[in-house]
Amino acid sequence: MPGSKSNLVSSHEDVINNTSDLSEIKISDEKGSVAKRTVTVIEKDGYPDSVYMNAAKIFQGIRTEKSKDKMLVRYGDNSESPVPAFKDEHSRRVSYELAFSALKYQDLLEEILLDSGVYPCQSIPDELTSLLVVMLYDLQDRKFEARKIFDEEKPIEEVQEIGDYLYSCRTKAAAALARCRIKYDALSIEHFVPETIWKQEQRVSALPFYVWINTFKISLEDVIRDLETKGLTKVESVSDFDHYTYAMDQHCHDVLVFPSSLKEELLNLDLFADCKLLLQDKSRSLAVHSAQALLNAGDDIIVAHTGSYLTIAHMSVLTNHGMCTIFVCGVKSSAKEEELRNIFGHMGCENIQLLHEDFTELEPTDRRLQKAKVILLLPQCSGLGAGNPMEFILSEHRDAGLLRDLFQGFVSEDKLGILAERQLNELIHALKFNKVQAIVYCTCSVYPQENELVVKKALESGVEGDKVQPYRLIPPVFSTCSNSEASTEIFFKMEPSEISSGCFVAVLEREKYSSKKVPAKDILAYAAEKGLLDSISEEKPKEEKKQKVKRRKRNITGTDRKPKAAEPLHHQTGAHVKAEVPVSKAVSDTQQKHVARTKAVSDTEKHVCRTKPVSKTQQKHVPRTKAVSNIQQKNVCRTKAVSDTQKHVCRTKAVSKTQQKHVPRTKAVSDIQQKNVFRTKAVSSTSVPKAVHNIPVSKAVSNTQERAPNKQPRSAEEIYQP
């Protein structure tokens, strides 16, 4: 029945005219306005050969694999799926969209190939079956019309051959499509789309879109003025949207929200063409604002993944006035680096430094990152919570395998476990940066395995150690949202809805030090870790000083009972004594007179000769001179001055008591001698073997000076001079 077949084809083409572009889902509002996704003329004329080839490579890696008993169409081995090479961003985008469309209609396209007899074909090997399916979808999308020939690039032989073959079989293919529609009672080709994907696309088409303002190029006031001149009216919230309206986002002060019906019209404005307004999912703006609120002036930030260049540019715009450097990890190739530099330069971003290393390859002690105080971690995730998962995968440069998960509507347990393990490793690595004070962790996932569980496991790992303060969870700074229940949660979560995408944000911040609870040595260690004590010398603990004082006292008192050779002490020069032993106000008038008398002493011998001989009573009650000779032979100077002011003050206040305790048997000593005896450390030289000279410890001239003639001896006045 040729006539009936012709009618079927004709009626099929009538339906196809209304639904030819499957990515162009129409949603009408109460006023009858119609919103369409952005469509360009080139999509109706076909694509360059490279787009078909890249789309076929992507589809080969994400297609639905069937069991052998149900596998009627063979695709060859895809164990080593080749990596596509994209000419530019537009080629990359349309290649992914074409591959995903082929995935959505895989069952239908395979049935058309088999029913029409187009497959199998002896001239087409199994390795090119993916290309055959992709180009068949595009052929029906063009209403089975011939595609345009693009002269700007070299033709690909395989693409040319399969394209010519399909076009020669276009009538058979159209008839097979019509029979499938009759068989399944399908009013349109969208009937063959899985229900989960159909609902997702319905929601995406009606979802408001968000843009942030590039204040490097334009101010908020100028944007509002420009929008008003184009007839747009500002309203309070998304619930008040009419056709030509917009609103300020409730969380981010530089983000505007527009109805979906205005998307195509607004994207053609100069505001977008000049990079004054940038279209991006709200979840990334929430992450950027949360990280910016944790920075102080002069702090740097680490962006752990390249992701979307829009996220990095937004961070640059928000931190420009604080002299902040943004370190971006994972820019592997020089071509990618050059591309990003050109993009950032066009947008006015100058405080960005690109790193070739992946984030997990960076050492926490890297000198370049010593001023980094915040880490923005946006790990690869399932992305099913994003408002437009396809757009999310494209903009974030994620794994093409996520397209299969998007098609299924869920992520397999194995894939989810791999993603969660990778996210945990990256978060644990971020905790190892001791100088970092805060971490922002953000995903577009709806699974707790990628969100709360990852954060809790990382905090329980304890990798930050005991020398630094541990991390704790704090609410993000934009926690004042309309949903009061969500605002009280320590994690910031938004579920996917008709007005917003879903996202998860966690902020980890180091606990603050409390001087009342933390020991002084821990505070000093913390301050040294932050680089606050670089120019301050570390003081010895007070306990060590007290032990030295007690040890010195035991040595002195022990000589009264039994002569004992003292352990050698380090000699301090006169300059050191002069610097560390200032004159105490507690010295008595008699001591000052004694100082005055010692000014005239020219050298050590004169000073020793002028010392009054000790009385016979002193000689009887002071037997320590014999034991001291051993100290003299070992060149041990007991004239080591008190190491700091505290010791000197303690000694000067306790002079009288020390004299009474350590010289209990010198009752016949005169008043002047009692006042001048601090600690009888100065002993006469070998020429006066039995004389004990009561010279104050801090004033006595060391025997070492006699043995070091190259050093000029210092007078008591110089020693006591502040």
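Residues numbered from 1 in each chain as written. Predicted model: local features only at pLDDT ≥ 70, side-chain atom pairs only at ≥ 80, totals over all residues. Heavy atoms only, no water.

Here's the deal with the packing of helix α5 (residues 106–116) against helix α6 (residues 129–141)
Working step 1: Between α5 and α6, whose axes approach to 10 Å, the crossing angle comes to 95 degrees. By the criterion of interaxial angle, the relationship of α5 to α6 is roughly perpendicular. Residues L109, I112 and L113 of α5 form the contact with α6, whose participating residues are L132, V133, L136 and Y137.
Working step 2: By residue class, the composition of the contact of α5 with α6 is seven nonpolar, no polar and no charged. (Axes fitted to C-alpha atoms, helices over the stretch in contact; angles between N-to-C directions. Helix = DSSP H or I, 4+ residues; strand = E, 2+ residues; numbered from the N terminus. Parallel < 35°, antiparallel > 145°, perpendicular 65-115°, else oblique. Contact = heavy atoms within 4.5 Å. Nonpolar A, V, L, I, M, F, W, Y, C, P; charged D, E, K, R; others polar.)

Structural notes on the environment of H243
Working step 1: Here H243 lies in the loop between β4 (233–235) and β5 (245–248).
Working step 2: In this structure the C-alpha to C-alpha distance between H243 and T233, which are ten residues apart in sequence, comes to 9.5 Å.
Working step 3: A distance of 3.2 Å separates the side chain of H243 from the side chain of S261, its partner in a polar contact. (Polar contact = N/O pair within 3.5 Å; in protein donor to acceptor, adjacent residues only side chain to side chain.)

Considering α5
Working step 1: The set of residues buried in α5 consists of Q106, L108, L109, E110, I112, L113 and S116.
Working step 2: Close packing links the buried residues of α5 with α3 (49–62), α4 (89–104), α6 and α8 (170–183).
Working step 3: Backbone geometry just after α5 places G117 at a positive phi near 80 degrees. (Buried < 20%, exposed > 50% of the residue type's maximum accessible area, 1.4 Å probe, protein only.)

Focus: the packing of aromatic side chains
Working step 1: Per the stated rule, a full pass over the model turns up ten aromatic pairs.
Working step 2: Their ring planes at 35 degrees and their centres at 6.0 Å tell us that F86 and Y96 sit as a pair that is tilted. In this pair, F86 sits in the loop between α3 and α4 while Y96 sits in helix α4, placing the two residues ten residues apart along the sequence.
Working step 3: Relative accessible area serves as the criterion here: at 27%, F86 is assigned to the partly exposed category.
Working step 4: Assessed through its relative accessible area of 9%, Y96 is described here as buried.
Working step 5: An aromatic cluster of three or more residues is present, and its members are F209, Y246 and F258.
Working step 6: For R170, the ring lying beneath its charged end belongs to Y167, and the centroid distance is 4.1 Å. (Phe/Tyr/Trp six-rings, centres within 6.5 Å; stacked < 30°, edge-to-face > 60°. Lys NZ or Arg CZ within 6 Å of the ring centre and 35° of its normal.)

Brief notes about the sheet that holds strand β6 (residues 255–258)
Working step 1: An order of β4-β5-β6-β3-β7 is seen for the five strands of this open sheet, with the pairing classed as mixed. Either end of the sheet is taken by a strand with one partner, and the two such strands are β4 and β7 (277–279). Adjacent strand axes in the sheet meet at a mean angle of 35 degrees when their direction is disregarded. (Pairing = 2+ DSSP bridges.)

With respect to the environment of F344
Working step 1: Tracing the chain through its elements places F344 in helix α15 (residues 334–347).
Working step 2: The buried category is assigned to F344, whose relative accessible area is 3%.
Working step 3: Separated by 32 residues in sequence, F344 and I312 place their C-alpha atoms 8.9 Å apart.
Working step 4: Not counting the four nearest positions on each side in its chain, F344 is found in contact with Y309, I312, A313, C349, I352 and L354.

Here we look at the pairing of strand β11 (residues 372–377)
Working step 1: Summarising burial for β11: six of the six residues are buried, a large majority.
Working step 2: Direction of pairing for β11 relative to strand β12 (residues 438–443): parallel, over a ladder of four bridges. Its bridge partner lying in β12, L377 is registered against Y441.

A look at the pattern of salt bridges
Working step 1: Per the counting criterion, the structure on display carries 22 salt bridges.
Working step 2: Notably, a salt bridge pairs E110 with K66, separated by 2.8 Å at the nearest N-O pair. Of this pair, E110 sits in helix α5 while K66 sits in the loop between α3 and α4, and the two are 44 residues apart along the sequence.
Working step 3: Linking R93 and E391 is a salt bridge whose minimum nitrogen-to-oxygen distance equals 2.7 Å. Residue R93 is located in helix α4, and its partner E391 is located in helix α16 (residues 389–396); the two are separated by 298 residues in the primary sequence.
Working step 4: Judged by relative accessible area, R93 falls into the partly exposed class, the value being 23%. (Salt bridge = Lys/Arg side-chain N within 4 Å of Asp/Glu carboxyl O.)

Brief notes about the side chain of N451
Working step 1: Here N451 shows up in the loop between β12 and α19 (452–461).
Working step 2: Residue classification places N451 among the buried positions, given a relative accessible area of 4%.
Working step 3: Residues contacting N451, with those up to four places away along its chain left out, are Y441, T443, S445, V446 and F504.

Some points on the side chain of D254
Working step 1: One can find D254 in the loop between β5 and β6.
Working step 2: Salt bridges are absent for the buried D254, whose nearest opposite-charge side chain, K282, sits at 11 Å.
Working step 3: Beyond its immediate sequence surroundings of up to four residues, D254 is in contact with V211, W212, I213, H289, H314 and L318. (Lys, Arg positive; Asp, Glu negative; His and termini not counted.)

Some words on helix α14 (residues 309–319)
Working step 1: Burial runs high along α14: ten of the eleven residues are buried.
Working step 2: Residues of α14 that are buried: L310, T311, I312, A313, H314, M315, S316, V317, L318 and T319.

Looking at the packing of α5 against α8
Working step 1: Relative to each other, α5 and α8 sit at 120 degrees, their axes nearing to 8 Å. By the angle between their directions, the pair α5 and α8 is classed as oblique. As α5 packs across α8, the resulting crossing turns out to be right-handed. Only K172, A173, A176, L177, R179, C180 and K183 of α8 make contact with α5, whose side of the interface consists of L108, E111, I112, D115 and S116. (Left-handed = near helix turned anticlockwise from the far one by under 90°.)

With respect to the confidence of the model for the chain
Working step 1: With 63% of its residues at a pLDDT of 70 or more, the chain has an overall mean of 74.
Working step 2: Taken as a whole, residues 479–487 scores under 50 in pLDDT and shows ten contacts with residues more than four places along the chain or in a different chain.
Working step 3: Note on residues 674–711: pLDDT is under 50 here. Beyond four places in sequence and across chains, it has 101 contacts. (pLDDT = per-residue confidence, 0-100.)

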